[in-house]
Amino acid sequence: MTTTPLTPQTPLTPQILDTRSTPDTDLFRHLTDLEETRSRQLQALSGADLDAVRSARRARAQRDLQDVRTALARLGEGRYGICTGCDRPISAQRLALRCWTTTCVDCADRAAR
């Protein structure tokens, strides 16, 4: 079984990601589309007969779903795009690649060491 990649229905642009200057509607729609995609993937991967590969895919889908839900909560709190490590803005380029990230590049690098 193949999984659907976590791809947005709404293309992300720096303007959408800059929640200070635009409405959050497009970003919210984008994140909810991602949430629905991962939820469908989890449903497709349910069952006790999962082999190691399907089990790993399911675990990844669960992590991604939780991360997207966290991003939605942060959006609602007005904290979306702010690094949880240093409280500085996360670059639009980083958010465009992984819109549910909660850390800037510097803090992610420090955490990886």
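Bear in mind that the values here come from a model prediction, so they are computed numbers and not experimental data.

Caption draft 1: Quick peek at the overall build of the protein chain. Looking only at helices and strands, the protein chain features five helices and zero strands. For the protein chain, the sequential pattern of α-helices and β-strands runs α-α-α-α-α. Looking at the protein chain residue by residue over its 113 residues, the buried ones come to 34%. As displayed, the protein chain has an accessible area near 6900 Å², and 50% of this comes from carbon and sulfur atoms.

Caption draft 2: Broad picture of the environment of Asp 106. As for its position among the elements, Asp 106 is in helix 5 (residues 105-112). Through-space distance from the C-alpha of Asp 106 to that of Cys 86 is 9.1 Å; in sequence the pair is 20 residues apart.

Caption draft 3: Region of interest: helix 2 (residues 25-44). For helix 2, which comprises 20 residues, the first-to-last C-alpha distance of 29 Å matches the rise-based estimate of 28 Å (1.5 Å per residue) to within 8%. Taken together, the buried positions of helix 2 are occupied by Leu 27, His 30, Leu 31, Thr 32, Asp 33, Leu 34, Glu 35, Thr 37, Arg 38, Gln 41 and Leu 42.

Caption draft 4: Focus on the nonpolar core. Ranked by size, the top nonpolar core spans 15 residues in total, and within it Leu 31, Leu 34, Val 68, Tyr 80, Cys 99 and Trp 100 carry the most contacts. Counting only elements with at least two residues in this core, the list comes to helix 2 and helix 3 (52-77). Per element, the largest residue contribution to this core is four residues, and it comes from helix 3. Residues in contact with Leu 31, not counting those within four places in the same chain, are Val 68, Ala 71, Leu 72, Leu 75, Tyr 80 and Cys 99.

Caption draft 5: Representation of the packing of helix 2 against helix 3. The contact between helix 2 and helix 3 brings their axes to 9 Å, and the two run at 155°. In this view, helix 2 runs roughly antiparallel relative to helix 3, as classed from their interaxial angle. The interaxial crossing formed by helix 2 with helix 3 has left-handed handedness. Within the contact between the two elements, helix 2 uses Leu 27, Phe 28, Leu 31, Thr 32, Leu 34, Glu 35, Arg 38, Ser 39, Gln 41, Leu 42 and Ala 44 and helix 3 uses Arg 54, Arg 58, Ala 61, Gln 62, Asp 64, Leu 65, Val 68, Arg 69, Ala 71, Leu 72 and Leu 75. When grouped by side-chain class, the residues that make up the contact of helix 2 with helix 3 number twelve nonpolar, four polar and six charged.

So, how was this worked out
Residues numbered from 1 in each chain as written. Predicted model: local features only at pLDDT ≥ 70, side-chain atom pairs only at ≥ 80, totals over all residues. Heavy atoms only, no water. Helix = DSSP H or I, 4+ residues; strand = E, 2+ residues; numbered from the N terminus. Buried < 20%, exposed > 50% of the residue type's maximum accessible area, 1.4 Å probe, protein only. Areas by Shrake-Rupley, 256 points an atom, 1.4 Å probe, with all protein chains shown as cover. Expected span 1.5 Å × (residues − 1). Core = buried A, V, L, I, M, F, W, Y, C linked by side-chain atoms within 4.5 Å. Contact = heavy atoms within 4.5 Å. Axes fitted to C-alpha atoms, helices over the stretch in contact; angles between N-to-C directions. Parallel < 35°, antiparallel > 145°, perpendicular 65-115°, else oblique. Left-handed = near helix turned anticlockwise from the far one by under 90°. Nonpolar A, V, L, I, M, F, W, Y, C, P; charged D, E, K, R; others polar.

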